[in-house]
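In case you want the letters, here they are:
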Amino acid sequence: MTAPLSVKTVREGRHAGTVASAAVTLAVIVPGLLWAKWVPYAHKAATLFRTRRWPGSDILAVGGVHVGDRPSWHAATTFFQAYLASVWQALLVALLISASVQALTPRAWMQRALNRSGPRRSALAGGTAGMPSMMCACCAAPVAVTLRRSGVNAAGATAFWLANPLLNPAVLIFLVCVAPWQWALTRSVVGVAAVIGVAALVEVASRSRQVAGPAPAGDGRPDKDSPGAVRNWVRAMLWMGTFLLPEYAVLVLLLGACRGWLLSMMRLAHHGFLVVVIAAVVGTLVVIPTAGEIAILQTMALLGVSSATLGALLVTLPAISIPGAAMVGRSFGWRAVVAAVVGMIGMGLLGAAAMALLPSR
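For the structure given in this document, a descriptive report is provided here. (Residues numbered from 1 in each chain as written. Predicted model: local features only at pLDDT ≥ 70, side-chain atom pairs only at ≥ 80, totals over all residues. Heavy atoms only, no water.)

1. Some remarks on the overall build of the chain
When helices and strands are counted, the chain shows 15 helices and zero strands. Counting over 361 residues, the chain shows a buried share of 52%. Intrachain contacts of the chain at a sequence separation of at least 6 include 86% that bridge at least 24 residues. By element, 68% of the accessible surface of the chain is carried by carbon and sulfur atoms, the whole surface being about 15900 Å². (Helix = DSSP H or I, 4+ residues; strand = E, 2+ residues; numbered from the N terminus. Buried < 20%, exposed > 50% of the residue type's maximum accessible area, 1.4 Å probe, protein only. Contact = heavy atoms within 4.5 Å. Areas by Shrake-Rupley, 256 points an atom, 1.4 Å probe, with all protein chains shown as cover.)

Below you can see the structure in the form of structure tokens.
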């Protein structure tokens with residue numbers, strides 16, 4: 001008859017399993033980000049330091065779409081192809097990270113790291129955690145969903161989601177290299193305010209609501225056996241493939257189809273407050289890849305668009321988007337998503353004010 005295991009042996013086994021799971025998660029995160037983000041962006045930054053010229057083109061104009069063009073299948077598919085070509089590596093890595101965190105990382109670890117006393121402190125922790133991954137809003141959304149479903153509060157998860165695109169260190173370096181200094185300054189200062197302020201607003205909107213959706217795979221106890229961890233990882237990937245990716249693809253196609261109308265609203269060269277508000281709204285809802293806003297803003301600047309409008313788009317274009325909002329809606333709650341959208345529009349107006357007040361040279 002086999003002797004029962006001692007409590008000490010069981011605890012040591014659980015601890016070893018937790019350490020092994022954390023090691024596997026890191027083995028996904030670090031090489032994945034090196035491949036999709038860190039190495040390519042380091043090469044791009046080095047090139048920009050030499051050339052001082054942005055090599056990309058305006059993704060909203062891809063496929064020959066012009067201001068005022070009606071929605072079309074050609075506009076939808078050409079935008080989808082260009083967008084997917086820009087983000088597929090980051091999206092793949094985001095899905096792998098999300099599944100690994102959900103299946104292998106104890107919930108208690110995530111909660112201790114990001115759930116702090118007060119929304120602003122949680123937002124600061126989440127924003128700090130989000131900056132190194134440097135993803136666009138849509139690619140960061142699956143990881144933010146996993147954080148929320150793992151018990152991370154709304155402020156921490158929202159700050160992680162927003163800091164990825166808004167405080168992306170690589171994009172800030174790109175702006176310093178190829179854009180006026182006012183752009184990098186506005187993005188940095190208003191970006192910090194947006195990450196902390198909008199995250200705190202979402203926390204207030206979420207306090208009376210429980211996290212939606214089934215319980216995540218990790219329950220915080222470091223005793224997951226390997227077969228269970230693999231099964232949970234597969235389930236997490238299947239859940240994202242079933243619910244997140246299809247609606248993501250459909251919404252990107254729809255936004256691509258309507259680009260002509262969006263361009264007509266974003267490229268008005270008037271200087272009225274209404275135009276700035278429209279720019280903040282459209283910028284919050286449209287979807288672009290990482291750093292895609294640089295080419296868009298450079299094109300608009302050449303067309304004579306006001307600095308206030310550029311400031312609104314500089315802050316709002318990278319953040320949220322309709323596909324990103326749809327992906328986080330089930331886990332964050334739609335009231336929280338509305339709060340995030342309204343908050344980002346307000347931050348876009350703050351960015352517009354900052355750009356308008358800064359000297360033009």
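2. Focus: empty space enclosed by the protein
For the coordinates displayed, the defined rule picks out four cavities of 30 Å³ or more. In this structure, the largest cavity encloses a volume near 50 Å³. Taken together, M135, C136, P165, N168, V171, R187, I288, P289, T290, A291, E293 and P318 make up the lining of the largest cavity. (1 Å grid on protein atoms, 1.4 Å probe; cavity = no way out; pocket = protein on both sides within 12 Å on 5 of 7 lines; lining within 4 Å. Points joined across faces, edges and corners; volume = space filled by probe spheres on them.)

3. Observations concerning the nonpolar core
Core analysis: the biggest nonpolar cluster contains 111 residues, and Y83, W161, F174, I320 and M344 have the highest contact counts within it. When sequence neighbours within four positions are dropped, the list of residues in contact with Y83 reads I59, C136, C138, Y248, V252, V287, I288 and P289. (Core = buried A, V, L, I, M, F, W, Y, C linked by side-chain atoms within 4.5 Å.)

4. Section: the side chain of T186
You can see T186 is positioned in helix α8 (residues 181-206). In this structure the side chain of T186 is engaged in a polar contact, spanning 2.8 Å, whose partner is the backbone oxygen of Q182. Contacts of T186, omitting those with residues within four sequence positions, involve G191, L314, V315, G351, A354, M355 and L358. (Polar contact = N/O pair within 3.5 Å; in protein donor to acceptor, adjacent residues only side chain to side chain.)

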